[in-house]
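Examination of the molecular architecture
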Amino acid sequence: MVKTMKDFPTNNADLKFYKTMHEHIGEAQPIGANNTCEHPFLVPSPDKTLCILPGRIDVARHYMRTGGVEGAKKSYNKLLSSVQSFGRYMFNVSEYDLVKNLFASDDFQSAAKSVCPADKQMLDPFQFNFIIQIPGQTVAMHLDAPYFWGASRFQFPQWLLATMKFSNLFQDRYVDQVQVVGYLHKWNDSKRDGNFVYWNTEDQKMQSIPPTPRYGVSVDGAKVLHAAAAYQPDTEMPFLDKSKDNLLQYQGEDKWILTSDGKTLSEYTTDDLRVTIVYRARCFATEEEIVKFRDMATGNGELLTLESILDTFKEDLIKRGRLTRGQEISSLDFAFMLMDEYTTYPLPPNAIIPVNYCMLGKLFPQTDVVFSKIC
């Protein structure tokens, strides 16, 4: 099925697979010359008219600033390429018989339901996707996009939904879910790394599971912080410009090519790739709840508004002393304030210096002459 789908854009371009009511919270800027976005954390909108925060800017920004699980000390360009894994998202699970039958099997159902709360054992499958990493790439530390009664990725940017979950301000609307990650590659080589790592213990120590072929891991990915450690981390990979259309494409005869705006950057075989399938389902108490949620999600119920969500955050930030009532702040700065205040991703567990100082050259160009020599 992976080879049949053929084309896999980067996760930076996830809006190619669905539409969201609000692509941004107001931070959008006119796109620059040649459809480029100069700001280090803005990317072209799907229609190439604006520069907006990517859906998982919370993930990418933390990764850039800390160097990820490994605490890497690398330049902006190198980490930008490493964090842009490839994938496809499918929200019509029932239309894929192979996947539907897999998800319906007793073993799979048992594993999935073991993650759902005991009083919410009705599964509502809503998505599966493929994630492909080329050598040198990672899936950075993250929470999966949460679902709330009245709010989902079809209404709001994923980073805002993640911030809502971290803040606990919308917990009464949170919908439990389960994620099962399965490994489709055939190689079984610990030297390649790419382990599934997660934080789910009281002491918040990182746990690690190897990506064994045909095995799976089940978690509530919107509650449990998780990542994929760098796959073949010492590999130098091509630069992937965030403003360009980067694509991993199957060519047949077990060969793949990596292109950027149509220009071939590199070639791979299937064995070179780390390939996963991800299943996601919501957990409900009854079938009636499933129907009610689906009706609400299609507009037959009360949806949260962007204004009400942002106002809730503003009131809380005022209580915390981070904002004053009536204070002027740009939408971009407000977005970063929300992430800095609420999204608490762990620091690299084994890094002596848990900050990626090599990013400073990008954020403060006057220092680039120094950091370019050591990074």
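Going by the structure above, here's the rest.
Please read these numbers as outputs of a predicted model, since none were measured by experiment.

Between helix H4 (residues 97–104) and helix H5 (residues 106–113), the shortest axis-to-axis distance is 5 Å and the interhelical angle comes to 65°. With respect to each other, H4 and H5 are oriented roughly perpendicular. Residue-level contacts link Leu102, Phe103 and Ala104 of H4 to Asp106, Phe108 and Gln109 of H5. Across the contact of H4 with H5, the residue classes break down as four nonpolar, one polar and one charged.

Before going further, it helps to spend a moment on the layout of surface pockets. Counted as a void, the largest pocket has a volume near 490 Å³. Mapped onto the lining of the largest pocket, the elements with two or more residues apiece are H4, H5, strand E10 (177–183), strand E13 (216–219) and strand E18 (274–284). No other element matches the four residues that E10 contributes to the lining of the largest pocket. Split into classes, the residues belonging to the lining of the largest pocket amount to 17 nonpolar, four polar and two charged.

A word on empty space enclosed by the protein. In this approach a probe as big as a water molecule rolls over the atoms, and the regions it shows empty are the leftover space. Applying the stated criterion to the full structure yields one cavity of 30 Å³ or more. By volume, the largest cavity amounts to about 770 Å³. Residue lining of the largest cavity: 45 residues in total, with Asn11, Arg56, Ser85, Tyr89 and Val139 positioned closest to the centre. Contributing elements (two or more residues each) for the lining of the largest cavity: helix H2 (57–66), helix H3 (76–83), strand E5 (86–90), strand E6 (122–133), strand E7 (139–142), E10, strand E14 (225–228) and E18. Residue composition of the lining of the largest cavity, grouped by class: 24 nonpolar, 14 polar and seven charged.

On the surface, a nonpolar cluster with roughly 330 Å² of combined accessible area is contributed by Ile352, Ile353 and Val355. Along the polypeptide, Val355 turns up in the loop between helix H9 (331–342) and helix H10 (360–363).

If you walk across this open sheet you meet the three strands as E2-E4-E3, and the pairing is antiparallel. Strand pairing shows two members of the sheet lacking a second neighbour, strand E2 (29–30) and strand E3 (43–44), which therefore form its edges. Relative to strand E4 (residues 50–52), E3 is paired through two bridges, and the arrangement is antiparallel. In the strand pairing of E4, Pro44 is matched with Cys51.

Further remarks concern the packing of aromatic side chains. Given two aromatic rings, their pairing is described by the distance between the two centres and the angle made by the two planes. If you walk through the whole model with that rule in mind, you get 26 aromatic pairs. Aromatic pair Phe17 and Tyr89: ring centres 6.0 Å apart, planes at 50°, arrangement tilted. With Phe17 in the loop between strand E1 (7–9) and E2 and Tyr89 in strand E5, this residue pair connects regions lying 72 residues apart in the sequence. Site record: aromatic cluster; members linked through ring pairs are Tyr96, Phe103, Phe108, Phe128, Phe130 and Tyr279. Across the ring face of Trp149, the terminal group of Lys292 is positioned such that the distance to the ring centre comes to 5.7 Å. The ring of Phe334 carries Lys314 above its face, with NZ or CZ at 5.6 Å from the centroid.

This part takes up the sheet that holds strand E12 (residues 206–209). Read from one edge to the other, the open sheet built from four strands follows the order E7-E14-E11-E12, with strand pairing classed as antiparallel. At either end of the open sheet lies a strand with only one pairing partner, and these are E7 and E12. Within the sheet, the average angular offset between the axes of one strand and its neighbour, ignoring direction, is 15°. Relative to E14, strand E11 (residues 196–199) is paired through four bridges, and the arrangement is antiparallel. Across the sheet, residue Tyr198 finds its bridge partner in E14, namely His226.

This next bit is on the environment of Tyr268. Structurally, Tyr268 is set in strand E17 (residues 263–269). Each C-alpha atom, one on Tyr268 and one on Tyr250, is 9.3 Å from the other, the two residues being 18 residues apart in sequence. There is a polar contact of 3.4 Å between the side chain of Tyr268 and the side chain of Ser266.

A few words now on the state of the cysteines. Within the structure shown, the criterion is met by three disulfides. Disulfide pairing is shown between Cys116 and Cys283; the S-S distance is 2.0 Å. Here the S-S torsion is close to -65°, and the disulfide linking Cys116 with Cys283 is therefore left-handed. Taken together, the residues Cys116 in the loop between H5 and E6 and Cys283 in strand E18 connect sequence positions 167 residues apart. With respect to class, Cys116 is no different from Cys283; both count as buried.

Moving on to the pattern of salt bridges. Per the stated rule, a full pass over the model turns up 19 salt bridges. A salt bridge links Glu236 to Lys78; the nearest nitrogen and oxygen atoms lie 3.9 Å apart. Here the residue Glu236 occupies a position in the loop between E14 and strand E15 (246–252), and Lys78 occupies one in helix H3, the gap between them amounting to 158 residues. In this structure Glu236 comes out as exposed when scored by relative accessible area, which is 61%. Note on Lys78: relative accessible area 36%, which makes it partly exposed. Asp176 serves as the salt-bridge partner of Lys120, at 2.9 Å between the closest nitrogen and oxygen.

Criteria and cut-off values
Every chain is numbered on its own, with residues counted from 1 as its sequence reads. It should be noted that, the model being predicted, local features are given only for residues of pLDDT at least 70 and side-chain atom pairs only at 80 or more, the latter also being counted only at that level, while totals for whole chains, interfaces and linings use all residues. Computation of side-chain values covers all heavy atoms of the structure but excludes hydrogens and water. Axis definition: a line fit to C-alpha positions, over the contact stretch in the case of helices; interaxial angles, taken between N-to-C directions, run 0 to 180 degrees. Numbering of helices and strands starts at the N terminus; helices are DSSP runs of H or I of at least 4 residues and strands are runs of E of at least 2. Oblique is the label for any angle not covered by the other classes, which are roughly parallel (under 35 degrees), roughly antiparallel (over 145) and roughly perpendicular (65 to 115). By the convention used here, residues are in contact when the closest approach between their heavy atoms is within 4.5 Å. As a working rule, the residues Ala, Val, Leu, Ile, Met, Phe, Trp, Tyr, Cys and Pro are called nonpolar, Asp, Glu, Lys and Arg charged, and the rest polar, with Gly in that last group. Note on definitions: the grid is 1 Å and covers protein atoms alone; a cavity is a set of points where a 1.4 Å probe fits but cannot get out; a pocket is an open set with protein on both sides within 12 Å along at least five of seven lines; lining residues have an atom within 4 Å of a point. Grid points are joined across faces, edges and corners, and a volume is the space filled by probe spheres set on the points. Only residues whose relative accessible area exceeds 30% and that take part in no salt bridge are eligible for patches, with like-charged residues grouped when within 9 Å of each other and nonpolar side chains (Val, Leu, Ile, Met, Phe, Trp, Tyr) grouped when within 5 Å. Computed with the Shrake-Rupley method and a 1.4 Å probe, the accessible areas treat only the protein chains shown as cover for residues. A pair is scored as a salt bridge if a Lys or Arg side-chain nitrogen falls within 4 Å of a carboxyl oxygen belonging to Asp or Glu. Two strands qualify as a pair provided DSSP detects at least 2 bridges between them. Only Phe, Tyr and Trp rings take part, Trp by its six-membered ring, and two of them pair if their centres are within 6.5 Å. Stacked means planes under 30 degrees apart, edge-to-face means over 60, and tilted covers everything else. In this analysis the charged atom, NZ for Lys or CZ for Arg, is taken to sit over a ring once it is within 6 Å of the ring centre and within 35 degrees of the ring normal. N or O atoms closer than or at 3.5 Å make up a polar contact, with two conditions inside protein: a donor-capable atom paired with an acceptor-capable one, and, for residues adjacent in sequence, both atoms drawn from side chains. Only a pair of cysteine sulfur atoms within 2.5 Å qualifies as a disulfide here. Partly exposed residues are those whose accessible area sits between 20% and 50% of the maximum for their type, while under 20% is buried and over 50% is exposed, using a 1.4 Å probe and protein chains only.

On their own, these measurements won't tell you what the molecule is for.
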